[in-house]
Structure formats: C-alpha cells, structure tokens
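Read off the chains here:
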Amino acid sequence: MALATVFTRASLGIDAPEIRVEVDLARGLPGFAIVGLPTATIREAKDRVKAALMNAGLEFPQATKITVNLSPADVPKQGARYELAIAVGILVASGQVPDSAIMNTEFYGELALNGELLPVTGLVPALLACRSAKRTAFIPLKNETDAGLIQGQTAYLVPDLIGVFEHLHQHNGLRKATPIDWQLTEPTSSGDLAEVMGQEQAKRALTLAAAGRHHILFVGPPGTGKTMLAQRLMSLMPALTEQEALELASIRSIAQQPGTLQDWRVREFRAPHHSCSAAALVGGGSPPRPGEISLAHNSVLFLDELPEFSRHVLDSLREPLESGHVTISRAAHHVRFPANFQLICALNPSPCGQFDGCLASCRSTPDQIMNYLNKLSGPLLDRIDIQVAVPRETSSLRVNARKHSPLNSRQLKAQVSAARERQLARQGCLNSDLRANAVLDYSQLSDGDHEFLIAAIEKLKLSHRAYHRTLRLARSIADLENEERVQKSHLAEAMGYRALDQLIDQVRSL
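Considerations on the environment of asparagine 143
When you line up the elements, asparagine 143 lands in the loop between strand 8 (136-140) and helix 5 (144-148). A residue is classified by how much of its surface remains accessible, and asparagine 143, at 4% relative accessible area, is buried. Sequence spacing of asparagine 143 and valine 124 is 19 residues, and the spatial spacing of their C-alpha atoms is 9.4 Å. Look past the residues within four positions of asparagine 143 in its chain and what remains in contact with it is Pro119, Val120 and Leu123.

Okay, structure coming up:
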C-alpha cells in the first residue's frame, strides 16, 4: 500500500551511525513487526507506538500488516530512541503526514502511552552527526540542554506526538532550541592554591603540570597536602574550548551523566575509589559504556592511594596514556572512546606512611616498603612525567611564614595560560602531545646541553620514553619562563622531579 522512510541515528560508542526507519503498510493479516537487529526494548516499541498514536487522537492502521525495518541491519541498536521515528513513519506511510514534510529531518525520542515524548540518552553525538549531514532534528523537550550545546544546528523541541503532527502540517507550533553562547565567563574554581601552606616545590611542579598538561605523582606521608594540591590543579586550568567541551559533553551524554548549560565548559575532576574495577576505570559492559578515563577526557583523573589499586587495574591505563583513547572489543563489534586525560596520582612512602628516609619512626620493614611500592609497574611509572616529594614540614606553620603572601591561583593561571598560548602558537599542540621526533627540534638544545641530558639518562638508566618526557617537561619549564630555547637549568630541574626513584634508592640502601 505505502512505504515511508524516516531518518534517525543509533548510539555506538562515541559515534552515531545513520539509521533508516523504513515503514511498509501492506495487505495481509494485520500485524506489527520490527526487523533489523532490534533488541527487546525496540521490539516492545510497537505496543507503545500504537498506544501513543491512538491516545493522541491519531489514526493507527489497524487492519494492515505493518513492517518496520531498521537499516542497516548489522548496526547494533539499543534503547527507545527510535519510537518517534517509527510513529512518524506510520503517519507518513498512512497518508496522515505528507512525505515532503520530513525531508532532511531526523527524529529522536521515546514515546509514553499518552503520546508524551520522553528524553533519550546519548543525544549529543547524534546531533553533531545531524549537523554534519545538514539536517533538522526533532528531539524531546527535556533534551533541550543537549541541543543548546550544538552551534549551527536547528533542533525543534517536541513535547508530545500531537506537537510533531501539527508542526509537520506547517502549523509551526514547536519551539527551536536556543544555542548557548560558548564565549561565557570562565568558570570559577572552588579552591585556591594559596590555601596550601608551604610545599613550594610541589606547587611549582603543579604549575608545570598545568602548563604542559603533564602527568604528575605526589609522594609523601599522610596529611601533607597531596590531595589538596591535586584538587587545586583545577584552579590553574583554562576553561574547555568549544571543541573540547563538545567532546566531553558527548561522553557525558552516552554515560547518562548530562551536565547543565552553566557547567559545560568546566573540566571534570574524576577521583574513583581504589576498589574500582578495570571495567569501571577504562570502560566495559554490554553494550560498552565509557569508564572513568573517558569521563576525564580533556580533564583530570586523580588516583589517590595509588598502590591500593589493583595492579591489573593500573596497568590497564598504560595504553590509553599513550594513545589518548580506549578500544573496547566484543564478539560482534568494538567501540572506541576518547580518553585523553591528565593523570594525577598520590601515594604514601610506605604502608604505614611514616617512612622519611630512616626506620626510626617507621613501623614498616624495608621488605614491606619494597613490596608496597612494587605494586606499581615500571611501564606505568615511566609514563608519569613529574614525581615530586610532598614532605612533612613545619616552617610554613610559623607566624612569619604565614604573613608571606604566596602567588594565588589567579596569578598562576595567567602564567599557565600564557605558556599554553606559546606552545600552541609554536607547534599547534601542548608539550605533552609533542611527537618523539619533534620534541628535540622544538627544544633547540645546544650540543653541550644535549650531552648533559644524555649523560644524566645513562647514569640514571632511564628509558627512551623517559628521555623524551624529560625533554617535554624541560620545554614546559622554558615556556613558563618565556624562554625560546631549553637550557641546562631547565633540563636539571626536569631531571630533579624523580621523587619515587629517590625513595626506592633510600629503601635499597637500608
């Protein structure tokens, strides 16, 4: 009798492949079938669609064989996002809506039995793909926040099925989503680095980590400010750019953790507990869902009490730290999630936390300390650029010291932003993202300074990866000081941030 084609999109990781919802009304025994690799949720849609159409006062073709094909059939499909597209397809195929009204449009939404449109998850990637295809989107009213993030995309906010029907008949009763002005005032921070008393070396290291987006490890006894320092990194970081914010918003949307229009440029600070599993950290499940490292994309992942994490869980970070993404494979398909995060770690120097170079005040033996530290694999530690000691100190508690006014986060953030601008203008990326074959060229080392670095690498028996990471860190030190060339003093400072290596040497000497 009639055939209609309506466009929508599936959710497959961070991608949103196009789905053609083909609705065929034919003679034969009355029935309603959905084909094209549907899940149980989608198969149940026929009952919700039928009830929604009838309760909205629209005609449902009762004495007709209805076949709905979700094409391509080899793309996995989950959720109830296809129900509005199916309902519109039935309206078009039955002649209640002209097929010209749905040209260059896409439809998303779950239907309630009364015809109300319910929100769906994972809509941001779909709207980005819809914008690339230069189509108009019809989305649930409650997904307005997602639509507001996409500049240049026309999205109509649909409260119910009647609203769609009337709009497609050119009554124009639907409101368009209003795009957010992404050039807003940068988000305010919840803490200031000036609140941390003392620990000037650690503050310097944290500023360097922010300037070049370097991974950092704090080593020190309990109560010295490791966690407080890690949290203050957010106060030094510039706001997300529009592209970075859209990438993070896409992941939040898939993970069913939507933000608000007020915090969409705020970087995430993810701090999972040490009991989390590998699937929770890197992603997994069926269908695959993003883990903590993807939710920290373009943001910060903080792992406190690092040796308390399972070694298997920690080693699962090794590949994402290098590649900036994670691929989760299943028998039928695989998905890829972005995971370009900045790692901050903290650990105590011993199981009891009191080791300070001698065993006088420590309740742990050298063997116990080594077993504790050996939970961390060498390849993982090799990927951390900065290892800084956070010792116990009392000088910062004195009255005269408290009168000293250290640099606050606002002042340091200006320095960090200036250093980042130099990097982007020079090489188009931050120093941590420099390729191995380019870092030496951008460092502009003299022959003597290069020989100094090689000699230090040989003496400390460091890897080639550590060589390149030292160069990247030295480049960030030079950028923070507005120096064109990396000098010997920058290299020496970069080589000095190896607190964990120094701690292990102390334990071995006992």
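Some points on helix 14 (residues 366-373)
Inspection of helix 14 places Ile369, Met370, Tyr372 and Leu373 among the buried residues, and these make up the whole buried set. When helix 14 is viewed along its axis, its buried side chains cluster within an angular range of 160 degrees and face the same direction. The exposed residues of helix 14 that point more than 90 degrees off its buried face are Asp367 and Asn371. On its buried face, helix 14 sits against strand 18 (342-347) and helix 22 (499-508).

Focus: helix 7 (residues 200-212)
It helps to recall that an α-helix has 3.6 residues per turn; residues three or four apart then point in one direction. The end-to-end C-alpha distance of helix 7, which contains 13 residues, comes to 19 Å, matching closely the 18 Å that a straight helix rising 1.5 Å per residue would cover. Burial of helix 7 is extensive: 10 of the 13 residues sit out of reach of the surface. Residues Ala202, Lys203, Ala205, Leu206, Thr207, Leu208, Ala209, Ala210, Ala211 and Gly212 constitute the buried set of helix 7. Two residues or fewer past helix 7, arginine 213 is found with a positive phi of approximately 55 degrees.

A look at the packing of aromatic side chains
On inspection of all chains with the given rule, the structure shows 4 aromatic pairs. Ring geometry for phenylalanine 107 versus phenylalanine 138: centroids 4.9 Å apart, planes at 15 degrees, classification stacked. Placement of the pair is phenylalanine 107 in strand 5 (residues 105-107) and phenylalanine 138 in strand 8, with a sequence separation of 31 residues. Neither phenylalanine 107 nor phenylalanine 138 differs from the other in exposure class; each is buried. Linked through ring pairs, Phe107, Phe138 and Tyr156 together constitute an aromatic cluster. Taking the ring centre of phenylalanine 7 as reference, the NZ or CZ of arginine 135 above it sits at 4.1 Å.

Re the packing of helix 17 (residues 409-427) against helix 20 (residues 464-480)
The interhelical angle for the contact between helix 17 and helix 20, taken along N-to-C directions, is 115 degrees, at an axis separation of 9 Å. For the crossing formed where helix 17 meets helix 20, the hand is right-handed. Within the contact between the two elements, helix 17 uses Gln415, Val416, Ala419, Arg422, Gln423 and Arg426 and helix 20 uses Arg475, Asp479 and Leu480. When the residues that make up the contact of helix 17 with helix 20 are grouped by side-chain class, the tally is 3 nonpolar, 2 polar and 4 charged.

Some words on the pattern of salt bridges
In total, this model carries 27 salt bridges according to the counting rule given. A salt bridge links arginine 204 to glutamate 493; the shortest N-O distance between them is 2.8 Å. Placement of the pair is arginine 204 in helix 7 and glutamate 493 in helix 21 (residues 488-496), with a sequence separation of 289 residues. Judged by relative accessible area, glutamate 493 falls into the partly exposed class, the value being 22%. Between arginine 465 and glutamate 322 there is a salt bridge, with the nearest N and O atoms lying 3.1 Å from each other. Here arginine 465, found in helix 20, pairs with glutamate 322, found in helix 13 (residues 318-323); they are 143 residues apart in sequence, far enough to count as distant. Several salt bridges share partner residues, and in doing so they unite Glu322, Asp382, Arg383, Asp385, Arg465 and Arg469 into one network.

Thoughts on the sheet that holds strand 19 (residues 386-389)
An order of 12-15-18-11-19 is seen for the 5 strands of this open sheet, with the pairing classed as parallel. A single partner strand is all that each edge strand has here, and the edge strands are strand 12 (269-270) and strand 19. In the sheet, strand 11 (residues 216-219) pairs with strand 19 via 4 bridges, with the strands oriented parallel. Bridging from a neighbouring strand, isoleucine 216 pairs with isoleucine 386 of strand 19.

Points about the side chain of arginine 48
Here arginine 48 shows up in helix 2 (residues 45-55). Residue class for arginine 48 comes out buried when judged on its relative accessible area of 18%. Filtering out sequence-adjacent residues up to four positions away, arginine 48 remains in contact with Thr41, Ala80, Glu83, Leu111 and Leu113.

What counts, and at which threshold
Residues numbered from 1 in each chain as written. Predicted model: local features only at pLDDT ≥ 70, side-chain atom pairs only at ≥ 80, totals over all residues. Heavy atoms only, no water. Helix = DSSP H or I, 4+ residues; strand = E, 2+ residues; numbered from the N terminus. Buried < 20%, exposed > 50% of the residue type's maximum accessible area, 1.4 Å probe, protein only. Contact = heavy atoms within 4.5 Å. Arc of directions from axis to C-beta. Expected span 1.5 Å × (residues − 1). Phe/Tyr/Trp six-rings, centres within 6.5 Å; stacked < 30°, edge-to-face > 60°. Lys NZ or Arg CZ within 6 Å of the ring centre and 35° of its normal. Axes fitted to C-alpha atoms, helices over the stretch in contact; angles between N-to-C directions. Left-handed = near helix turned anticlockwise from the far one by under 90°. Nonpolar A, V, L, I, M, F, W, Y, C, P; charged D, E, K, R; others polar. Salt bridge = Lys/Arg side-chain N within 4 Å of Asp/Glu carboxyl O. Pairing = 2+ DSSP bridges.

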